[in-house]
Structure formats: C-alpha cells, structure tokens
Amino acid sequence: MITAKKPSSPSEILQSARHVLFVEGNDSDAIDPLVLRTLLEEKIRVEPLGPSYNIRSAAEGLFKYHPDYYFLIDRDHYDDEFVKKCWDNFPDPDKSNLLIWHRREIENYFLIPEYISHSTNLVVSQDQLKKEIIRFCTERLYIDAANQVLISIREDLKANWIKLFTNPFDFQTKESALIKLTEAKEFSLQKDKVIDTIEKDEICMRFNNSILEMTGGKDPIEFGSGKWLEMIRGKKVLPNIIKNCFQIKDAQGKSLQGKEKLNEIIKDLLKKPLKKQPEDFKKLHELISSRLKS
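In what follows, the accompanying structure is described.

Conventions and cut-offs
- Residues numbered from 1 in each chain as written.
- Predicted model: local features only at pLDDT ≥ 70, side-chain atom pairs only at ≥ 80, totals over all residues.
- Heavy atoms only, no water.
- Axes fitted to C-alpha atoms, helices over the stretch in contact; angles between N-to-C directions.
- Helix = DSSP H or I, 4+ residues; strand = E, 2+ residues; numbered from the N terminus.
- Parallel < 35°, antiparallel > 145°, perpendicular 65-115°, else oblique.
- Contact = heavy atoms within 4.5 Å.
- Nonpolar A, V, L, I, M, F, W, Y, C, P; charged D, E, K, R; others polar.
- Buried < 20%, exposed > 50% of the residue type's maximum accessible area, 1.4 Å probe, protein only.
- Pairing = 2+ DSSP bridges.
- Right-handed = clockwise from strand over helix to strand, strands pointing away.
- Core = buried A, V, L, I, M, F, W, Y, C linked by side-chain atoms within 4.5 Å.
- Salt bridge = Lys/Arg side-chain N within 4 Å of Asp/Glu carboxyl O.

Quick word on the packing of helix 11 (residues 234-245) against helix 12 (residues 258-270)
Then step 1. With their axes 10 Å apart at the nearest point, helix 11 and helix 12 run at an angle of 85° to one another. When the axes of helix 11 and helix 12 are compared, the pair comes out roughly perpendicular. Contact with helix 11, carried on its side by Leu238, Pro239, Ile242 and Lys243, involves Lys261, Leu262, Ile265 and Ile266 of helix 12 and no other residues of that element.
Then step 2. For the contact of helix 11 with helix 12, a count of residues per class yields six nonpolar, no polar and two charged.

This is the structure we're talking about:
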C-alpha cells in the first residue's frame, strides 16, 4: 500500500528538498498537487505553478540549471507522438524535464471505472457507475469536440510562421526598410493559411474528425470504442460522478459534499496498492523514485 513517509535523516531531507515536481494549479489545494503528493508519498516537493503554458515555459528555461526540477502538465493539444517522446526520454539532459499526461486532464484518470470502483465509498453497482460516466460524458461530447477544433486552429495559427530579418544591408534607409517589411512573402502565405484554416469546410472536417476520434464511430458512445474517456473534459465530469455515485462521512457521521468529498475519495483511491493505480500513475511513481535514488 502507498503510505506517507517522512524523511528520516538529514541526507534524505536534502535529497527530497533538491527534487521538485511542478504541476498545474493556482494553490496547494488544487487537485494536481493533491493527487501527486499522495501518489508520490510526499517523497518529493510538489508545487503548483499556474496554467500549463507557465509550466512549459519554466521547463524550457530552467532544465539546464535545475536538472532535478520536473514539470507535469495536462494533455491539451499535444499529439500522441510528442507525449510518447516525453515519457520515453525522461529525463532528457538535452531537453526540458517535461511530462504530459496521456489523458486530457488528471481528472480523466478518476473516470476509469475499473479504477474508481476500488473505492470503498462507491454506493452504486459498477454497471450503474459506467452508465453515469457515459451519461455525463455524452452531455459534453459535442462541446468538447468543438473546443478541440478551436484549440487545433489556435495552435496552428500561432506557429512561428515568420522569421526576423538578419541582413542590415537591406535596411539602409527608412524607405528600403519599409519596402522590405511590407513585401515579405510570409504575410501573403500566412493570410492564405488563415483563410484556408477558418474556411467552413475545413472547420467541418476538423469537427467530424474529432467526433470520430472520440467515439470510434459509435453512437451512442460506449466503453472500448474511441478515445472519449481520454479526451473529454474530465474536470467537468468528475464532480458529477462523485456526487451521484459516492458517499463518505466525516468523524462525526456527517456526509461530505463538494470539493471536500471529491478530495477525500481521491486520496482514498491513491492509497490503494500501487498495482491498482492507472498505468500513468505507476509509471510516474517509477520515474520519480528512480530519480530520487540516482
């Protein structure tokens, strides 16, 4: 069983303090630090560092100077190949120590019915649990597919599409500089790309592809078909599952509600044996444990 373990010697304390895992969240009560402190048994400092773009920027800027700093973010727009490379090459001395969840958000791991059914606080059958997961994920299917299209378009258009000028001899006068600037061919190419990207047929194609990837062509959605369980906004679905399918009481016998209820159920699941945790949780535990021993 995963149990909390405090450093017992000065050298262990120094080792623990030297290694830091930065995660998404605005404060220590956010779900990401809560999950990872519990999963990693508080052997490593886990610090929230805001949204994912803050963390990736920090990862790219700090890895050369702090090789014992690690960074973990939600899946968002990253493709399978990029995510796989992060895990396969971690830690990479030539690149940032960045890891990206295979699933959209950390909450998505707590939507895996085979995992959360291990909870002693589950008060419905596993069949009913699956029905509730499908019900609430179905409610979000089309909005999340549409938002995935917006994310993909936004990422495509913000790419580094034009390079800075390098030859000062082309900029000897104000007039020549202005001509060089306004006649840069990249402006025309980017204009055409924007028009093509936001054209109605292109948007429809992206939306249909997103739906197909999520559902696997099944309507209604079902377990084992498509990637809807990985791609749905788990942050929006999980609270409903916890509310409808779980019950937990405090020491005085009062039923917990809201965020307090969700946090306690999550912590209880994370204290189950490591072999019962999702594959990404087990892999992360292995990677961090190896780093602490090295």
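Some remarks on the pairing of strand 2 (residues 45-48)
Then step 1. Judged by which residues are buried, strand 2 turns out to be one-sided: Val46 and Pro48 face inward and are buried, whereas Arg45 and Glu47, on the alternate face, are not.
Then step 2. Relative to strand 2, strand 1 (residues 20-23) runs parallel, the two being bridged by four bridges. Counted as the bridge partner of Val23 is Pro48 from strand 2.
Then step 3. Each parallel crossover has a hand, and the one from strand 1 via helix 2 (residues 31-39) to strand 2 is right-handed.

Re unusual backbone geometry
Then step 1. Following Phe90, the chain continues to Pro91 via a peptide bond in cis, the omega torsion being -10°.
Then step 2. Within the secondary structure layout, Pro91 lies in the loop between helix 4 (80-88) and strand 4 (98-100).
Then step 3. Note that the residue after Asp219, namely Pro220, is joined by a cis bond; omega there is 5°.
Then step 4. Its location among the elements puts Pro220 in the loop between helix 9 (200-215) and helix 10 (228-231).
Then step 5. With a phi close to 60°, Glu42 is a non-glycine residue in the positive phi region.
Then step 6. When you line up the elements, Glu42 lands in the loop between helix 2 and strand 2.

What to know about the nonpolar core
Then step 1. Core analysis: the largest hydrophobic core is formed by 66 residues, its most contacted members being Phe110, Ile241 and Phe281.
Then step 2. Apart from the residues lying within four places of it in its own chain, the contact partners of Phe110 are Val35, Tyr115, Ile116, Leu238, Ile266, Leu269, Leu270 and Phe281.

Here we look at the sheet that holds strand 3 (residues 69-73)
Then step 1. In spatial order, the strands read 2-1-3-4; together these four strands make up an open sheet with parallel pairing. Strand pairing shows two members of the sheet lacking a second neighbour, strand 2 and strand 4, which therefore form its edges. When the angles between neighbouring strand axes are averaged without regard to direction, this sheet yields 25°.
Then step 2. Sheet topology note: the strand 3/strand 4 ladder contains three bridges and is parallel. The residue bridging Phe71 from the neighbouring strand is Leu98, located in strand 4.
Then step 3. Helix 2 rests against strand 1, strand 2 and strand 3 of the sheet, and its axis sits at about 175° to strand 2.

A short note on the side chain of Ser52
Then step 1. By the secondary structure assignment, Ser52 is in helix 3 (residues 52-62).
Then step 2. With a relative accessible area of 14%, Ser52 lands in the buried category.
Then step 3. Other than its neighbours up to four places away in sequence, Ser52 contacts Glu24, Ile73 and Asp76.

Some remarks on the pattern of salt bridges
Then step 1. Using the criterion set out here, one finds 22 salt bridges in the structure.
Then step 2. The closest approach of N and O atoms between Arg206 and Glu202, which form a salt bridge, is 2.8 Å. Of this pair, Arg206 and Glu202 are both found in helix 9, four residues apart, which corresponds to roughly one turn of the helix.
Then step 3. A relative accessible area of 16% means that Arg206 is categorised as buried.
Then step 4. Residue class for Glu202 comes out partly exposed when judged on its relative accessible area of 21%.
Then step 5. Close ionic contact of Glu213 with Lys227 constitutes a salt bridge, the shortest N to O distance being 3.6 Å.

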